[in-house]
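# Understanding the architecture of this molecule
Residue-level listing of the chains:
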Amino acid sequence: MKGYEETLRYLAGLEKFGAVFGLENIEWILNLLNNPHRRIKTVHVAGTNGKGSVASMLSRMLLEGGYKVGKYTSPHLVSFTERISVNEVEIREEEVADIANWLRNKVRETDEEKFFTYFDFTTALAFEFFFERQTDICVIETGLGGRLDSTNAVLPLVSIITNVDYDHMDCLGNEIFDIAREKAGIIKSGVPVVTGAYGLVLRVIEEEARNKGSAVFALGKDFRCSKESDQCMTYESLNKRFKNIFVNLKGDHQLRNGALALAATECLTLSGFCLNEKDVRAGLSNVEWPGRLEVVKSRPTVLFDGAHNVHGARALKDYLRSHYSGKKKILVFGVMRDKAYEEILNEILPLFDIVILTRPHVERALSPFCLQDYVKGARIIESVKDALAEAQSAAGDEDLIVVTGSMYTIGEARSIIGGSI
């Protein structure tokens, strides 16, 4: 019997296959397992930004309603176990090892030459875990894109497409139309779609839904939210009106994410998953989703935000302007080399007094030296730990340190700050 650490090494070894798009491999594995994904009920969440937030909001509301809820998200910040949870409790390390060993043995017995990716394997592991735990419903977040993503093997009760923006263009296409097509690929025949998209992207989603005979419910059109105060909104649809709902995630964009999750609960009512106003309020007021405008330390204030594309950077910029306009600000920035890092920096650089460029310890990370000509006067410190220490030494008690650029940077920083900077 292989243990958890050996399982992680095995999974890391699968990363050599990279992102192999298509459903053939995942469907082969799932068929080997007697298709656990067909024996659980699901909600499928895609989009450029906000997928994890919406998934966590929906999961929490369903939990408050008394349902047993699985949740599958990616990537993780610190521990692999963050990816898979039931009732917001992470899978145990020994459960990961047990299911992984069982799955590996079944594969070997059937076809020793068969290969699959890290995400294929972990997705199959998650579906098997949710089936074994006899969940009532599971909220499943796509990894990348939608149409060819491993999670697209599910037949959900509701599909959610949060939004569509430029990201992962090397895989999804350079035009917003192409990216929208990939995200809309999660739409299934007769399954309702909730979306925060608008304009051309909404038209692409509506066309795909029309071809599949699926109803579309769009934010600002079929349901809406209005900000009442910081982290507080009123939600309205044809059937519901909830006033002054508190959302326990920071930023006005999280109010929109909350509205998407709420609209999804209305669609789920048709499948027998009913929530009352108390469940809704408790779920949104108790939701947690680390690494998103998250304050992790005070004096000086240290804020983590996983903004890794222009849309996320713009949300971070808006939040800093409205909440920290009078403070000295220090940026610790580490990004992946396949991201639009110059455009991200264009959004946020004007807000900061000191910029420290770093890189998380992953192969895809961009060397900070690649940005030294672009960010004049920046301090370059390759180690995230040393970059955090430099930021701490440069900050006074009343100042703000912002760590951003990638979820990998946030994850590494979170591990470090568990001790001290």
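Structure's up top.
Now for a look at the structure at hand. (Residues numbered from 1 in each chain as written. Predicted model: local features only at pLDDT ≥ 70, side-chain atom pairs only at ≥ 80, totals over all residues. Heavy atoms only, no water.)

## Examining the sheet that holds strand β11 (residues 241-246)
The cut-off we apply is this: Pairs of strands are assigned from DSSP output, requiring at least two bridges between the strands. Going along the chain from the N terminus, every DSSP run of H or I of four or more residues is numbered as a helix, and every run of E of two or more is numbered as a strand. Fitted lines through C-alpha atoms give the axes, limited to the stretch in contact for helices. The angle between two N-to-C directions lies from 0 to 180 degrees. Between two residues, a contact is recorded if the distance between any of their heavy atoms is within 4.5 Å.
On the basis of which strands lie adjacent, the open sheet formed by 3 strands has the order β9-β10-β11 and antiparallel pairing. Strands at the two margins of the open sheet, each flanked by one partner only, are β9 (223-229) and β11. In this sheet, neighbouring strand axes are inclined to one another by 20° on average, regardless of whether the strands run parallel or antiparallel. Along the sheet, helix α9 (residues 252-269) contacts β9, β10 (232-237) and β11; its crossing angle with β10, the most-contacted strand, is approximately 35°. The sheet contacts of helix α10 (residues 277-286) involve β10 and β11, and relative to β11 the element is tilted by about 30°.

## Considerations on the layout of surface pockets
Using the following cut-off: We place a 1 Å grid over just the protein atoms. Points where a 1.4 Å probe fits but has no way out form a cavity, open points with protein on both sides within 12 Å along at least 5 of 7 lines form a pocket, and any residue with an atom within 4 Å of a point lines it. Grid points are joined across faces, edges and corners, and a volume is the space filled by probe spheres set on the points.
In this structure, the second largest pocket spans a volume of roughly 360 Å³. Residue lining of the second largest pocket: 17 residues in total, with K71, E88, E90, W289 and P290 positioned closest to the centre.

## Focus: empty space enclosed by the protein
As a reminder of what qualifies: Basically, the charged four are Asp, Glu, Lys and Arg, the nonpolar ten are Ala, Val, Leu, Ile, Met, Phe, Trp, Tyr, Cys and Pro, and anything else, Gly included, counts as polar.
Enumeration according to the criterion identifies 1 cavity of 30 Å³ or more in this entry. Counted as a void, the largest cavity has a volume near 50 Å³. In this structure, the largest cavity is lined by K240, F242, T265, E266, T269, L275 and V280. Ranked by residue count, the leading element in the lining of the largest cavity is α9, at 3 residues. Across the lining of the largest cavity, the residue classes tally to 3 nonpolar, 2 polar and 2 charged.

## Re the side chain of S214
Here S214 lies in the loop between α8 (199-212) and β8 (216-218). Among residues more than four places away in sequence, those in contact with S214 are I187, K188, S189, G190, V191, V193 and A209.

## Points about the nonpolar core
Rules: Here, nonpolar core refers to any group of buried Ala, Val, Leu, Ile, Met, Phe, Trp, Tyr and Cys residues whose side-chain atoms link them within 4.5 Å. Throughout, exposure labels follow a simple rule: accessible area from a 1.4 Å probe, protein chains only, divided by the maximum for the residue type, with under 20% read as buried, over 50% as exposed, and the rest as partly exposed.
In terms of nonpolar packing, the biggest core is built from 37 residues, with L58, L62, I160 and L262 touching the most fellow members. Elements represented by at least two residues in this core include exactly β1 (42-46), α3 (51-64), β5 (137-141), β6 (158-161), β10, β11, α9 and α10. If you tally residues by element for this core, the top one is α9, at 9 residues. Beyond its immediate chain neighbours, meaning those up to four positions away, L62 contacts Y67, V69, I137, L268, F273 and L275. Of all hydrophobic cores here, the second largest spans 33 residues; its members include L33, F127, I140 and A153.

## Regarding the packing of aromatic side chains
Put simply, the rule reads: Aromatic pairing here means that ring centres of Phe, Tyr or Trp (its six-membered ring) are within 6.5 Å. Orientation follows from the plane angle: under 30 degrees is stacked, over 60 is edge-to-face, and everything else is tilted. The rule is short: NZ of Lys or CZ of Arg within 6 Å of the ring centre and within 35 degrees of the ring normal puts a charge over the ring.
One pass over the structure, following the stated rule, counts 9 aromatic pairs. Centre to centre, the rings of Y10 and F121 are 5.3 Å apart; their planes meet at 70°, and the pair counts as edge-to-face. Of this pair, Y10 sits in helix α1 (residues 4-14) while F121 sits in helix α5 (residues 118-132), placing them 111 residues apart in sequence. For F121, a relative accessible area of 0% puts it in the buried group. The ring of F131 carries R39 above its face, with NZ or CZ at 3.8 Å from the centroid. Above the ring of Y10, the side-chain terminus of R104 is found at 3.8 Å from the ring centroid.

## Observations regarding helix α13 (residues 384-394)
Defined as follows: To be clear, the arc concerns the directions from the helix axis to the C-beta atoms. Here a polar contact is recorded for every N or O atom pair within 3.5 Å, except that within protein the pair must consist of a potential hydrogen donor and a potential acceptor, and residues adjacent in sequence are included only if both atoms are side-chain atoms.
When α13 is considered as a whole, its buried residues turn out to be V384, A387, L388, A391 and A394. The buried residues of α13 occupy an angular sector of 125° when projected down its axis, which confines them to one face. Facing away from the buried side of α13 by more than 90 degrees, the exposed set consists of K385 and S393. Its buried side turned inward, α13 meets β14 (329-333), β15 (354-357), β16 (379-380), β17 (400-404) and α14 (407-417). Capping the start of α13 is the job of one residue whose side-chain oxygen sits 3.2 Å from the backbone nitrogen of K385: S383.

So yeah, pure geometry; function would need other evidence.
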